[in-house]
Amino acid sequence: MKIIMYHYVREKTKDLPFLRYLSFKNFCKQLDFFEKNFGFVKYEDFINLKKDMNYFKELKDKILLTFDDGLIDHYNFVFFELLKRNLFGLFFIPTRILHQKKALDVHRIHYLLGRYGGGALNQFVLDLIDNTLLDNSFNNIFDTYYKEHNDDLEVKKFKALFNLYIKYEFREQILDEVVKHFCSDDEIFNALYLNEKHLEKMQANKMIIGAHSFNHLNFLKLNKEEQFEEVNKSFKTLDRFLHPLKTFCYPYGEFNVDSKEILEILNCDFAFVSLDYYKKDITLEDLKNNPYTLSRYDCNEFQFGQAN
């Protein structure tokens, strides 16, 4: 079984000329490609795996679709296309977006880069910070960490600043200053996210809603107690949506031994990762022995999946 991961799926918009996204047209073409070459895991199929994992033999060569981050794209475009094709997907929600109208840092970064590109943003941030705000443990990691990312250098630098170098305790505060200077938090939030009414309609039509933590932080930067809080708060927020399966997706795909132990304590059924060195087809043994580290492929690894 191949598990495919998507993020932004949309039409072109003049407001975000630099945003990287999969065009809706190519998304539809990719679904056609998957149908022709593999076929899809259906809703009832996936539910049956919880009852009897040996049912996997019916699914071993098929495609399972997953969508991260609670983006409005997944309601406006993906949901209705899946309905039309009698397909389903798993939709992983970082649940802070259901509690407060302020975009998550990861998406503020995407939006800023999508609207302005990297050059002016980098210069503004570099004028704000000094070495006391940087995490020296990530020195010299830039070249390898972003080697395979198909972005221009200034975009890579901006992402690296916030995802690797600026200490987590300062990241949101610095982004606040960047957002205030270039646009507004209301603008970003209203442009990006779905809401609970969307989730209700999606679940009523046999889409599976899963948790994607509360704040979308990298678990490798959190201790065990912090990880537990992130997972538990996200499950509690989504409690009425987490049926018939309780699923989870690690932010940035990162996890450790503590992460898996926490999911077991909280009675999670399946959890998903997204790491380049970890990707592979899922086997029956994976479902039985590693249900909390199910590997995914990025959609861009298959025909029609390259981002615009």
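Structure shown above.
Cut-off values and rules
- Residues numbered from 1 in each chain as written.
- Predicted model: local features only at pLDDT ≥ 70, side-chain atom pairs only at ≥ 80, totals over all residues.
- Heavy atoms only, no water.
- Helix = DSSP H or I, 4+ residues; strand = E, 2+ residues; numbered from the N terminus.
- Contact = heavy atoms within 4.5 Å.
- Buried < 20%, exposed > 50% of the residue type's maximum accessible area, 1.4 Å probe, protein only.
- Phe/Tyr/Trp six-rings, centres within 6.5 Å; stacked < 30°, edge-to-face > 60°.
- Lys NZ or Arg CZ within 6 Å of the ring centre and 35° of its normal.
- Polar contact = N/O pair within 3.5 Å; in protein donor to acceptor, adjacent residues only side chain to side chain.
- Core = buried A, V, L, I, M, F, W, Y, C linked by side-chain atoms within 4.5 Å.
- Axes fitted to C-alpha atoms, helices over the stretch in contact; angles between N-to-C directions.
- Parallel < 35°, antiparallel > 145°, perpendicular 65-115°, else oblique.
- Left-handed = near helix turned anticlockwise from the far one by under 90°.
- Nonpolar A, V, L, I, M, F, W, Y, C, P; charged D, E, K, R; others polar.
- Arc of directions from axis to C-beta.
- Pairing = 2+ DSSP bridges.

Caption draft 1: Highlighting the environment of Asp61. Assignment of secondary structure puts Asp61 in the loop between α2 (43-51) and β4 (63-68). Distance from Asp61 to Asp281, taken between C-alpha atoms, is 8.6 Å for residues 220 residues apart in sequence. Every residue in contact with Asp61, bar those within four places of it in the chain, is listed here: Met1 and Phe38.

Caption draft 2: Layout of the environment of Tyr75. Within the element layout of this structure, Tyr75 appears in helix α3 (residues 73-84). Exposure remark for Tyr75: the relative accessible area of 13% places this residue in the buried category. For the pair formed by Tyr75 and Val9, sequence separation is 66 residues and the distance between their alpha carbons is 10.0 Å. Dropping the residues within four chain positions of it, Tyr75 is found in contact with Phe80, His198, Lys201 and Met202.

Caption draft 3: Layout of the packing of aromatic side chains. Scanning the entire structure with this criterion turns up 28 aromatic pairs. Ring plane angle 50° and centroid distance 5.8 Å describe the contact between Phe33 and Phe34, whose orientation is recorded as tilted. Across the pair, Phe34 and Phe33 agree in class, each one buried. Put simply, the rings of Tyr6, Phe24, Phe27, Phe67, Phe77 and Phe91 touch in pairs and so form one group of aromatic residues. The ring of Phe214 has Lys233 sitting right over it, with the charged end atom 3.9 Å from the ring centre. Stacked on the ring of Phe235, the Lys or Arg Lys246 has its end atom at 4.5 Å from the ring centre.

Caption draft 4: Quick look at the side chain of Thr237. Tracing the chain through its elements places Thr237 in helix α11 (residues 224-237). Note on Thr237: relative accessible area 19%, which makes it buried. A polar atom in the side chain of Thr237 sits 2.8 Å from the side chain of His99. Those residues within four positions of Thr237 in sequence are excluded, and the remaining contacts are Thr95, Leu98, His99 and Phe214.

Caption draft 5: Summary view of the nonpolar core. With 105 residues, the main nonpolar core has Tyr6, Phe27, Phe46, Leu82, Phe162 and Phe248 as its most contacted residues. Ranked by residues supplied to this core, first place goes to helix α1 (residues 24-37) with six residues.

Caption draft 6: A look at the packing of helix α5 (residues 119-128) against helix α8 (residues 168-182). Where α5 contacts α8, the two axes come as close as 11 Å, and the packing angle between them is 130°. Taken together, the axis directions place α5 and α8 in an arrangement best described as oblique. Of the two elements, α5 crosses α8, and the hand of that crossing is right-handed. Facing Ala120, Leu121, Phe124, Val125 and Leu128 of α5, the residues of α8 in contact are Ile174, Glu177, Val178, His181 and Phe182. When the residues that make up the contact of α5 with α8 are grouped by side-chain class, the tally is eight nonpolar, one polar and one charged.

Caption draft 7: Layout of α5. Regarding α5, the residues found buried are Leu121, Asn122, Phe124 and Val125. Projected onto a plane normal to the axis of α5, the buried residues spread over an arc of 165° and lie on a single side. Buried residues belonging to α5 abut α4 (105-116), α7 (153-165) and α8.

Caption draft 8: The arrangement of α2 in detail. Among all positions in α2, only Tyr43, Asp45, Phe46, Ile47 and Leu49 are buried. Contact partners of the buried residues in α2: β4, β5 (90-93), β6 (208-211), β8 (270-272) and α13 (284-289).

Caption draft 9: Examining the packing of α1 against α3 more closely. It is at 11 Å that the axes of α1 and α3 come closest, and there the two elements cross at 30°. It follows that α1 is roughly parallel to α3 by the angle criterion. You can see that α1 and α3 cross each other, and the crossing is right-handed. Residues Phe24, Phe27, Cys28 and Leu31 of α1 lie in contact with α3, whose contacting residues are Phe77, Val78, Glu81 and Leu82. Among the residues making up the contact of α1 with α3, the classes are represented as seven nonpolar, no polar and one charged.

Caption draft 10: Layout of the pairing of strand β1 (residues 2-6). Counting buried residues in β1 gives five out of five residues, a clear majority hidden from the surface. Neither face of β1 is open: one carries Lys2, Ile4 and Tyr6, the other Ile3 and Met5, and all of them are buried. Here five bridges tie β1 to β4, and the two strands are oriented parallel to one another. Within β4, the residue paired with Ile3 across the bridge is Leu64. Two elements, β1 and strand β9 (residues 297-298), share two bridges in a ladder whose sense is parallel. Bridged to Ile4 within β9 is Tyr297.

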